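Coordinates in review
Residue-level listing of the chains:
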Amino acid sequence: MNRVSGKSRDETLIEMDRTAWSNGEENNGFHSSSLVDKESFHLENAVVDKQLQSKDSVYFRDGVRRIDFVLSYIDDKDGEKKQDRRKEFEANLQKAGLELETEDKSESEDGRTFFLKVHLPWEVLATYADVLKIKVPFKANDILDKKEVPCSWLFTPIRLPEHVMHPEPDYFTSTFEKSKTDFFLIEDKDTFFPPSTRNRIVYYILSRCPYSKEDKDKKGIKRLLNNGTYTAAFPLHDCRYWTRSRDPNCESERYSLYKNWARFSRCYKEQPLNLIRKYYGEKISIYFAWLGYYTEMLFYAAVVGLLCFIYGLATFDENVWSKEICNDSIGGQIIMCPLCDKKCGYWKLNSTCSSSWQSYLFDNTATVFFAIFMGIWVTLFLEFWKRRQARLEYEWDLMDFEEEQQQLQLRPEYETKCTSRRLNRVTQEMEPYLPATSKCARSLLSGATVLFWISLIIASIIGVIAYRLAVFAAFASIMKDSPTNKLDVVGSLITPQLATSVTASCINFVIIMVLNYLYERVAIWITDMEVPKTYVEYENMLTMKMFLFQFVNYYSSCFYVAFFKGKFVGYPGNYGYMFNKWSGLRNEECEPGGCLIELTTQLVIVMVGKQVWGNIQEALVPWLCNWWVSRNARNHPESLYSRWEQDHDLQDFSQLGLFYEYLEMVVQFGFITLFVASFPLAPVLALINNIVEVRVDAWKLTTQFRRPVASKAHSIGAWEEILNMIAVLSVVTNAFIVSFTSDMIPRLVYLYAYHPGTEITMQGYINNSLSVFNISEIPPENRPEDDENPDWFNSTTMTTCRYRDYRYPSGHEKQYSHTMQFWHILAAKMAFIIIMEHVVFVVKFVVAWLIPDVPSDVKARIKRERYLIQEYLHDYELEKLKIQLIQNGQNSEEINNCTCPTTAASPMKIEVLSDCLA
């Protein structure tokens, strides 16, 4: 695009006017000239040509009034209804005190789009700041921060400049009251409330403003966007992300965020959380605070996991059982029974040599230690996050947010749909409510819908398993003489198991994507139907519904491999089948290397594949969409492509924008905790991903999306409960993985109870762990066809085959029933589960008890602030009373009555859009 250098004459005049007004006299923290007078002067004297106005301007044409929100629309030929709605809506906005300015479509780069710019005057801003109980500074913080970080000089390379990390001074704050404006530290009304607070208040008004004369329940910008009356509604970014604004009165915070936070070259730097909060609001900033903290804690888990993996490599040569499998005189002489009916032949145990060595890397004694460590790590993670969150709640003035949210910020949809009213016992005001019968009916319908969709995904999983069982035999027959078997490097890797897994995974992936797409819309619909009272309730209810579905979707395959596959196989002559014997779908056995290595493979594929694809999609898709939308604008002169047009061409940050970010990280958290006993390197992969994830999320939010409406959040919401649930479940799943999926317990039982001779050794373990079956007793329906057996198989000399189990051989009085060793191993497995769970849960409880949720210094600051609020309010009222007495001192009757003087100027009449003030 062409760059316009310098400033136009009119532009300079506007900036001079703004500077002149900013240097005006002050009285009690205010400018002596009122904002209305200032704006009136500019409206009468400033005439600005858009061609000469800065492309980064975030002000009305007068150069004074800030654009707090922008609405766009296209005037359709058949849009009379839309025109009427817009006319009524905009009239009601003006009644509410907002100031509007329209950019004609002829001045837009596409020649079709109108832009309606919205400004929030001080009178309206102060009114709604009072309504929403927004906290503002009243005194500089006088508590010295005595906390000293040991060896802080080591962290110098990751530090950001102080003005970036702390863009605002530290103040004590109190809820704003319009009647006491001189109590607060107001230096300039124009900048007292940051743009994020201003756009939040504007959206609060927009979401409650009616647009129909006939039906006052028809209100809110959300419905107008849904029916096409407006095409977009968004607050403006303050500048282009790659350069500062040319307007010196603009903050250029977007540029600072991009320079210090969103670039990939800054991946080793700390995050400027206070600047993120100032620009985007608390809800987005607390997500990045949590993501950064999670990444920090992953470092410790990754180090321990890496050490466990190194231990597996260091003790590689001590793997006696793998040596026996690979030995031609041991594993090469053991003939294994067929893995499927008819189409699978006999095979030798030494064909599993490579997978046995791979399995040992993750299935060793260090794995047990790591499973216990992760159970404790997850407790430390959650407890220290509570402390970090408590500190942020205090620093960001969110301590009383929950009460404010419940009492004041009702969802407009709740106010509209709940026609019944009742008295609030706390506020003694009439408020909307949903009758208990209607609430129960809606909840039951919602629960039934969620159960139906979860059943649907389970049914699809069963279908995929049936597919695997059905095609395995077909692949085994087809690939027996395949040309790929003759390839030197990959010939041995292309197996029927691989072909079955790949095709089944592709089918499963398609099913997951389709059901995700459909269920997302269903979840939103049923959550809307339940009519949650507040935005927090709405998001929490939607989160639980979506996560339950995603939990089944993402973890079902891992749960199947870990706890079901290979557990119900039976034995030759009495195999287990999925539905019944006549279905022919014989239950799957584990891979030749065991189920643990298959669980590891499944975990790596799902986890790494999801993360890589997610990051590419998050970064590439918005960039391509923005490139396509703005391709025509690049041919226009820079001065024509205004700030609102640039932002209009960006992607919209949807209501579920943060939800998907949380979901991605919580699903990852589940992978590294629920199944970590099978793959100690999972935290390492998660750490690498998250270092990239922080910058990808920051980059796309800063450069590819419109500025989201700022909103408050004092915590990560329902995700915290989900993390607690996963933490508890992870202890159970890892105990069962070590006991039933890995071979750790059978090996230990053999080592200490069944080893031959007097010396403790693992020699002979393989032969001990395989049972013997007489080939002649295999039923014809299970016996492999003649042409399926390998060339080396001789039915006359080879009369028995082996299978993985502990059963008596043929001819024994208890033939093919479980041996005593089987029951010893089972008892040891159950004992390990009980001991591990109790040890980890006791440690978790002690750790949680020892670590307080709120740091002591934060408690002291909270008490200090509450004390100061009371003290300063008392002094303020006392000082005000003295002034009144001095002013009225000439009249003794007025002194006795102590009447307060009335203000000469009548306040601006505003139609307040809130049922809470009715």
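Residues numbered from 1 in each chain as written. Predicted model: local features only at pLDDT ≥ 70, side-chain atom pairs only at ≥ 80, totals over all residues. Heavy atoms only, no water.

Here the focus is the overall build of the chain. Counting its regular elements, the chain contains 29 helices and 16 strands. Within the span of the chain, comprising 918 residues, buried residues form 52% of the whole. For the chain, contacts bridging at least 24 residues in sequence account for 77% of all contacts bridging at least 6. Total accessible area on the chain is roughly 43900 Å²; 59% of this is exposed by carbon and sulfur atoms. (Helix = DSSP H or I, 4+ residues; strand = E, 2+ residues; numbered from the N terminus. Buried < 20%, exposed > 50% of the residue type's maximum accessible area, 1.4 Å probe, protein only. Contact = heavy atoms within 4.5 Å. Areas by Shrake-Rupley, 256 points an atom, 1.4 Å probe, with all protein chains shown as cover.)

Rolled over the atoms, a probe with the dimensions of a water molecule shows which regions are left empty. Evaluated as defined, the whole model comprises eight cavities of 30 Å³ or more. Considered as a void within the structure, the second largest cavity measures approximately 80 Å³ in volume. Forming the boundary of the second largest cavity are V58, R66, I67, D68, P195, N199, P235, L236, H237 and R707. Counted by class, the lining of the second largest cavity contains five nonpolar, two polar and three charged residues. (1 Å grid on protein atoms, 1.4 Å probe; cavity = no way out; pocket = protein on both sides within 12 Å on 5 of 7 lines; lining within 4 Å. Points joined across faces, edges and corners; volume = space filled by probe spheres on them. Nonpolar A, V, L, I, M, F, W, Y, C, P; charged D, E, K, R; others polar.)

On to the pattern of salt bridges, then. A complete count under the given rule lists 32 salt bridges for this structure. Between D647 and R643 there is a salt bridge, with its nearest N and O atoms 3.0 Å apart. Of the two residues, D647 and R643 are both situated in helix α21 (residues 643-648); the distance of four residues between them amounts to about one turn of the helix. A residue is classified by how much of its surface remains accessible, and D647, at 0% relative accessible area, is buried. The exposure class of R643 is buried, given its relative accessible area of 1%. (Salt bridge = Lys/Arg side-chain N within 4 Å of Asp/Glu carboxyl O.)

If you walk through the whole model with that rule in mind, you get three disulfides. Each sulfur in the disulfide pair C326 and C353 lies 1.8 Å from the other. Taking the torsion about the S-S bond as the criterion, the C326 to C353 disulfide, at about 100 degrees, is right-handed. Placement of C326 in helix α12 (residues 320-326) and of C353 in helix α13 (residues 353-362) is noted, with a sequence separation of 27 residues between them. Among the residues examined, C326 registers a relative accessible area of 22% and is labelled partly exposed. (Disulfide = S-S within 2.5 Å.)

Attention now goes to the sheet that holds strand β4 (residues 99-103). The strand order across the open sheet built from four strands is β4-β5-β3-β8, with neighbouring strands paired in antiparallel fashion. The two strands at the open ends of the sheet, each matched to only one other strand, are β4 and β8 (232-234). Direction aside, the axes of adjacent strands within the sheet are offset by 20 degrees on average. The sheet contact formed by strand β3 (residues 69-74) and β8 spans three bridges and is antiparallel. When the sheet's bridge partners are listed, L71 is paired in β8 with A233. On the sheet, helix α7 (residues 195-206) packs against β3 and β5 (113-119) and is oriented at approximately 45 degrees with respect to β3. (Pairing = 2+ DSSP bridges. Axes fitted to C-alpha atoms, helices over the stretch in contact; angles between N-to-C directions.)

Looking now at the nonpolar core. Membership of the largest hydrophobic core comes to 143 residues, with the highest contact counts inside it found for W290, Y294, W377, F381 and F675. No other element matches helix α11 (residues 282-314), which puts 16 residues into this core. Once you skip the residues sitting within four places of it in the chain, F381 turns out to touch W290, Y293, Y294, M297, F669 and L723. Residues V118, Y128, V131 and L873 belong to the second largest nonpolar core, which totals 47 residues. (Core = buried A, V, L, I, M, F, W, Y, C linked by side-chain atoms within 4.5 Å.)

As a further point, take the packing of aromatic side chains. Each aromatic ring pair is specified by the distance between its two centres and by the angle formed by the two planes. Within this structure, the stated rule accounts for 62 aromatic pairs. Ring centres of W122 and F176 lie 6.4 Å apart, and the angle between their planes is 85 degrees; this geometry places the pair in the edge-to-face category. Of this pair, W122 sits in helix α4 (residues 122-131) while F176 sits in the loop between β7 (171-175) and α6 (189-192), and the two are 54 residues apart along the sequence. The class for F176 is buried, based on a relative accessible area of 0%. The aromatic ring of W644 is capped on one face by K117, whose charged end is 4.4 Å from the ring centroid. The positively charged end of R586 is found above the aromatic ring belonging to Y575, 3.4 Å away from the centroid. (Phe/Tyr/Trp six-rings, centres within 6.5 Å; stacked < 30°, edge-to-face > 60°. Lys NZ or Arg CZ within 6 Å of the ring centre and 35° of its normal.)

The element β5 is largely enclosed, with a buried count of seven among its seven residues. Side-chain alternation along β5 places T113, F115, K117 and H119 on one buried face and F114, L116 and V118 on a second face that is also buried. Where β3 and β5 come together, six bridges link them in antiparallel fashion. Each bridged residue has a counterpart across the sheet, and for L71 the counterpart in β5 is L116. In this sheet, β5 lies alongside β4 in antiparallel orientation, the contact comprising five bridges. Bridge pairing links E101 to K117 in β5.

The topology assignment puts T601 in helix α20 (residues 595-629). Linking T601 and S678, residues 77 residues apart in sequence, is a C-alpha distance of 9.3 Å.

Attention now goes to α4. Within α4, eight of the ten residues are buried, leaving the element largely enclosed by the surrounding structure. Of the residues making up α4, those classed as buried are W122, V124, L125, A126, T127, Y128, A129 and V131. Once α4 finishes, K133 follows within two positions and takes phi at roughly 55 degrees, a positive value.

This next bit is on the confidence of the model for the chain. For the chain, per-residue confidence averages 80 on the pLDDT scale, and 84% of positions sit at 70 or higher. Of all helices and strands in the chain, the one with the weakest mean pLDDT is helix α1 (residues 9-22) (31), whereas β8 scores best (95). Contacts from residues 898-906, a stretch scored under 50 in pLDDT, to residues over four places away or in other chains number eight contacts. (pLDDT = per-residue confidence, 0-100.)

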